[in-house]
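Notes for the structure review
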Amino acid sequence: MSDERLSPSGIPLPVAARPADAPVDYANDLGDPGAFPYTRGVQPNMYRGRHWTMRQYAGFGTAQATNTRFKLLLEAGQTGLSVAFDLPTQMGLDSSDPRALGEVGRVGVAIDTVDDMHTLLDGIPLDKVSTSMTINATAATLLAMYIVVAEERGIARSALSGTTQNDILKEYIARGTYIYPPAPSLALTAETFRFCAQDVPSWNPISISGYHIREAGSTAVQEVAFTFADGLAYVQQAIDTGLAVDDFAPRLSFFFAAHNDLFEEVAKFRAARRLWARLMRDRFAANEKSCRLRFHTQTGGVTLTAQQPLTNVVRVTVQALAAALGGTQSLHTNGYDEALALPTGESATLALRTQQVIAYESGLAQTVDPLAGSWYVEQLTNEIESRAMALIAHVDELGGAVAGIEAGFFQDEIGRSAYAQQLRIEAGETVIVGVNKFGDGQEPPIIPAPDFSALELEQVARLRECKARRDDAAVQQSLVALRAAAPSYLPEHSGERTHLMPLVIDAVRARASVGEIAAALGEVWGRYQPV
């Protein structure tokens, strides 16, 4: 079947342009799209075959409100869901916990039990829509809830597709929503690798996140290096527990930021693909499928300004272009008003339309890696790869990612980069349009916020109602089983590990809450206290 594409002027467009006389190092350093080392893309035809998945990140207080937004976005042409959870859910606290007071539903949706997950996903065909969940310390529990919702609807696990972020190491580095110490947390992550490979083969059990590292103030080079240092730790942990690298590595996914410097961001994505392919082949003898770097991108939250917020539309467009030119597999574009409040339906739809215009009107999707061969882009690609590899080598010298976290290396490096960037902004060397240049003296607009106090009371009432009607003996039995299995995930344990995911699913099915499951494991594993 012919796939001839023409420009608006009738010029034939190649699937991927390449030099007529390829230099000697072309195959080693670039290669055609779909070929090792994947610098030019992980598929031979990239967006000619299918566009990137268009996701809009959403989580609005209650499961019902979030479900309404999901349906709005799906009707507008979104092709995948992306769920934001509130901080209590991320930290393993029920909405009724005193430590959750004032935080319920504020930065995402509150999920306490599988009944909330049912409401969140009501009317959404889980066997047809891919769902990404930004959840880490409690990722196993939220994945279990997703599976139980499907099960109770009669949908097979094998039909589910999506991603749990599940990247606990970057929580110690840049974000802070950890619960347990690194050792059992890493072991639990490896358990989700095993479970997904066997039971949910189309699910990505982890999205190794550079996004939050970049948002914390890192450079693009540090974003790549520190993300891959974490990724190597996850791969080694899984191998150490007896998994074969090629049984789980093809389902690893990554998550990067797209910021404002168009060319550096494009080069970052190209360099990242090549570097990860080489690391996986050289360190783990992984096959070509395991060497492919697949990643989601989100436009830069920290780049959004409260001043002149409509200017953010232009920033998001530049960043989305960088992600698409760099070959992302899925993309979230921020709403222009997100520096002020949760995005309105109008701004979220406009953010989605930004992706759709790039995909369908810009011509970008007609050929693969259109900036390849630019002397500037290729030089940037080489420099980013080289500098990121030097940082990874330093982490290796420290003893790996966990040792680097315990030594404070990552945190110190990111802190220095963030401070230097702030100094450049304050000196006017880095221009922020509408902030330190071209300001209009106007106060940022005020967007009304929901009544979070009322929302919290409603959520707590729903949780109490669920607990009142469940079989409490079955819940307690499931939590006893979790506590009995948990010691096998401690570093001093030398025998076989008990498979924990089936036990978490049993607890969720019995209507145990997020907080109860987290507390059961925490009784055995303890809580992480940063140095």
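So, a few notes on the structure that sits alongside this text. In this text the structure is predicted, and so the values were computed from the model without any measurement. (Residues numbered from 1 in each chain as written. Predicted model: local features only at pLDDT ≥ 70, side-chain atom pairs only at ≥ 80, totals over all residues. Heavy atoms only, no water.)

1. Focus on the pairing of strand 9 (residues 252–258)
Across the 7 residues that make up strand 9, a large majority, 7, are buried. Every second residue of strand 9 is oriented toward a common face, with Leu252, Phe254, Phe256 and Ala258 on one face and Ser253, Phe255 and Ala257 on the other, all of them buried. When strand 8 (residues 206–209) meets strand 9, the two strands line up parallel, connected through 4 bridges. Bridge pairing in strand 9 places isoleucine 206 opposite leucine 252. Here strand 9 runs beside strand 10 (residues 295–299); their pairing, made up of 5 bridges, is parallel. Each residue of the ladder has a partner; that of phenylalanine 255, found in strand 10, is histidine 296. (Buried < 20%, exposed > 50% of the residue type's maximum accessible area, 1.4 Å probe, protein only. Helix = DSSP H or I, 4+ residues; strand = E, 2+ residues; numbered from the N terminus. Pairing = 2+ DSSP bridges.)

2. Focus on the layout of surface pockets
Size it by volume and the second largest pocket reaches roughly 810 Å³. If you trace the second largest pocket, you find 32 residues lining it, with His259, Thr303, Gln421, Ile425 and Ile432 closest to the centre. When contributions to the lining of the second largest pocket are tallied by element, the ones reaching two or more residues are helix 8 (211–215), helix 9 (220–240), helix 11 (262–284), helix 13 (311–325) and helix 17 (409–426). Residue classes in the lining of the second largest pocket are distributed as 13 nonpolar, 12 polar and 7 charged. (1 Å grid on protein atoms, 1.4 Å probe; cavity = no way out; pocket = protein on both sides within 12 Å on 5 of 7 lines; lining within 4 Å. Points joined across faces, edges and corners; volume = space filled by probe spheres on them. Nonpolar A, V, L, I, M, F, W, Y, C, P; charged D, E, K, R; others polar.)

3. Comments concerning helix 5 (residues 139–153)
Look at helix 5: 21 Å from first C-alpha to last across 15 residues, which is about the 21 Å you get at 1.5 Å a residue. Most of helix 5 is tucked away: 12 of the 15 residues are buried. Residues of helix 5 that are buried include every one of Ala139, Ala140, Thr141, Leu142, Leu143, Ala144, Met145, Tyr146, Ile147, Val148, Val149 and Ala150, and no others. At the exit of helix 5 stands glycine 154, carrying a positive phi of roughly 85°. (Expected span 1.5 Å × (residues − 1).)

4. Here's the deal with the environment of glutamine 64
Structurally, the position occupied by glutamine 64 is in helix 2 (residues 63–75). Taking the C-alpha atoms as reference points, glutamine 64 and histidine 118, 54 residues apart in sequence, are found 9.7 Å from one another.

5. Description of the packing of aromatic side chains
Under the counting rule described, the total for this entry stands at 22 aromatic pairs. Arranged with centres 5.0 Å apart and planes meeting at 45°, the rings of phenylalanine 228 and tryptophan 276 form a pair that is tilted. Taken together, the residues span a long stretch of sequence, with phenylalanine 228 in helix 9 and tryptophan 276 in helix 11 at a distance of 48 residues. Since its relative accessible area comes to 1%, tryptophan 276 is described here as buried. (Phe/Tyr/Trp six-rings, centres within 6.5 Å; stacked < 30°, edge-to-face > 60°.)

6. Quick word on the sheet that holds strand 9
Read from one edge to the other, the open sheet built from 9 strands follows the order 7-6-5-4-3-11-10-9-8, with strand pairing classed as parallel. Each edge of the sheet is formed by a strand with only one pairing partner; in this case those strands are strand 7 (203–204) and strand 8. Relative to strand 7, strand 6 (residues 162–164) is paired through 2 bridges, and the arrangement is parallel. Looking at strand 7, one finds that glycine 162 is bridged to tryptophan 203. Packing against the sheet, helix 13 makes contact with strand 9, strand 10 and strand 11 (330–332), and its axis sits at approximately 165° to strand 10. (Contact = heavy atoms within 4.5 Å. Axes fitted to C-alpha atoms, helices over the stretch in contact; angles between N-to-C directions.)

7. A short note on a nonpolar patch on the surface
On the surface, a nonpolar cluster with roughly 260 Å² of combined accessible area is contributed by Val431, Val433 and Phe438. With respect to the secondary-structure elements, valine 433 resides in the loop between helix 17 and helix 18 (452–469). The class for valine 433 is partly exposed, based on a relative accessible area of 34%. (Patch = residues over 30% accessible without salt bridge, like charges linked within 9 Å, V, L, I, M, F, W, Y side chains within 5 Å. Areas by Shrake-Rupley, 256 points an atom, 1.4 Å probe, with all protein chains shown as cover. Salt bridge = Lys/Arg side-chain N within 4 Å of Asp/Glu carboxyl O.)

8. Focus: the nonpolar core
The biggest cluster of nonpolar side chains holds 138 residues, and the ones touching the most others in it are Phe228, Trp276, Leu482 and Leu500. If we ignore the near neighbours within four places in the chain, the residues touching leucine 500 are Leu188, Glu191, Leu482, Ala485, Tyr489, Leu521 and Trp525. Within the second largest apolar cluster, 5 residues are counted, among which are Ala100, Ala110, Phe452 and Leu455. (Core = buried A, V, L, I, M, F, W, Y, C linked by side-chain atoms within 4.5 Å.)

9. Some words on the packing of helix 13 against helix 14 (residues 345–361)
Running from amino to carboxyl end, helix 13 crosses helix 14 at an angle of 45°, the nearest separation of the two axes being 10 Å. The orientation of helix 13 relative to helix 14 falls into the category oblique. The way helix 13 lies across helix 14 gives a crossing that is right-handed. Between helix 13 and helix 14, the residues in contact are Val313, Thr317, Ala320, Leu321 and Ala324 and Leu350, Thr354 and Ile358, respectively. By residue class, the composition of the contact of helix 13 with helix 14 is 6 nonpolar, 2 polar and no charged. (Parallel < 35°, antiparallel > 145°, perpendicular 65-115°, else oblique. Left-handed = near helix turned anticlockwise from the far one by under 90°.)

10. Let's talk about unusual backbone geometry
With the exception of glycine, most residues fall at negative phi, and the peptide bonds are largely trans. With an omega dihedral of 10°, the bond running from phenylalanine 36 to proline 37 counts as a cis peptide bond. Secondary-structure assignment places proline 37 in the loop between helix 1 (26–30) and strand 3 (53–58). Of note, tyrosine 38 is a non-glycine position whose phi angle comes to about 65°, a positive value. With respect to the helices and strands, tyrosine 38 occurs in the loop between helix 1 and strand 3. Located in the positive-phi region is asparagine 166, a residue other than glycine, with phi close to 60°. Within the secondary structure, asparagine 166 is located in the loop between strand 6 and helix 6 (169–175). Accessibility expressed as a relative area gives 5% for asparagine 166, which makes it buried.

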